[in-house]
Amino acid sequence: MADVLYPIQHGLFWFTGMAPLPPFAVCGANELSEERFAAVREAYAARLDGLFTDETVPFRSLVGGDYDPDMRLLPGVEEPGVGGFGLHRRPGPALVPVPRA
């Protein structure tokens, strides 16, 4: 999901100064049991409660010394084993996905 939304979250939101939150996705929403629906509803309510306080996606700062003047990531700033769009996230803990039943 993070790779699919990367062009929007990084290329549109982050690049223009917005700090996006990790996505909230519910897989198989059309087939949720009543119990699972109740759990998802509670998780979504908690997400809305934290809308202005939750941690945002930890993208690297565009002016923090990780990129050259042409906006290319500088060699040696990446974490070992990280590739693709993950290169544009600051080092640290991984994002936690919405729990599945």
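Summary of the structure given here. (Residues numbered from 1 in each chain as written. Predicted model: local features only at pLDDT ≥ 70, side-chain atom pairs only at ≥ 80, totals over all residues. Heavy atoms only, no water.)

### Section: the overall build of the chain
Our working definition: In this text, helices come from DSSP runs of H or I with a minimum length of four residues, and strands from runs of E with a minimum of two, each type numbered from the N-terminal end. Within these notes, the globule rule equals 2.2 Å times the number of residues to the 0.38 power, and the radius of gyration is based on C-alpha atoms. Here's how the labels work: a residue is buried when its accessible area is under 20% of the maximum for its type, exposed when over 50%, partly exposed in between, all with a 1.4 Å probe on protein chains only. Should any heavy atoms of two residues lie within 4.5 Å, those residues are counted as being in contact. Accessible surface area values rest on a Shrake-Rupley calculation with a 1.4 Å probe, where residue burial reflects the displayed protein chains alone. The sign given to each residue is positive for Lys and Arg and negative for Asp and Glu; His and the chain ends receive no count. Taken as the charge location is NZ of Lys, CZ of Arg, CG of Asp or CD of Glu.
Helices and strands together make up the secondary structure of the chain, namely two helices and zero strands. Expected size for 101 residues packed as a compact globule is a radius of gyration near 13 Å; at 16 Å, the chain overshoots this value by more than 25%. Dimensions of the chain, computed from C-alpha atoms along their principal axes, come out at roughly 50 × 30 × 20 Å. Taken across its 101 residues, the chain has 19% of its residues classed as buried. The contacts in the chain between residues at least 6 apart in sequence include a share of 59% that link residues at least 24 apart. When the accessible surface of the chain is summed, it comes to about 7,400 Å², and 60% of that surface belongs to carbon and sulfur atoms. Considering the chain, the positive charge centre built from 8 side chains and the negative charge centre built from 13 side chains are found 1 Å apart.

### Comments concerning the pattern of salt bridges
Let me state the cut-off plainly: Basic side-chain nitrogens of Lys or Arg form a salt bridge, by our definition, when they fall within 4 Å of a carboxyl oxygen of Asp or Glu.
Tallying each qualifying case throughout the model produces three salt bridges. Its salt-bridge partner being Arg-72, residue Asp-68 comes within 3.2 Å of it at the nearest N-O pair. With its nearest N and O atoms 3.0 Å apart, the salt bridge here joins Arg-72 to Asp-70. Residue Asp-70 is classed as exposed on the basis of its relative accessible area of 55%.

### Focus on the packing of aromatic side chains
So the rule is basically this: Two aromatic rings from Phe, Tyr or Trp, using only the six-membered ring of Trp, form a pair when their centres are within 6.5 Å; if the ring planes differ by under 30 degrees the pair is stacked, by over 60 it is edge-to-face, and anything between is tilted.
For the structure shown, the criterion picks out four aromatic pairs. An angle of 10° between the planes, with centres 4.1 Å apart, marks the rings of Tyr-6 and Phe-85 as stacked. You can see Tyr-6 sitting in helix α1 (residues 2–13) and its partner Phe-85 sitting in the segment after α2 (34–49), a full 79 residues away along the chain. Here Tyr-6 falls in the buried class, since its relative accessible area comes to 11%. Residue Phe-85 is classed as partly exposed on the basis of its relative accessible area of 36%. Seen from their ring centres, Trp-14 and Phe-59 are 5.8 Å apart, and the 55° between their planes marks the pair as tilted. Taken together, the residues span a long stretch of sequence, with Trp-14 in the loop between α1 and α2 and Phe-59 in the segment after α2 at a distance of 45 residues. For Trp-14, a relative accessible area of 18% translates into the label buried. A network of ring pairs unites the aromatic residues Tyr-6, Trp-14, Phe-59 and Phe-85 as a single cluster.

As far as function goes, none of this settles anything; it's purely spatial.
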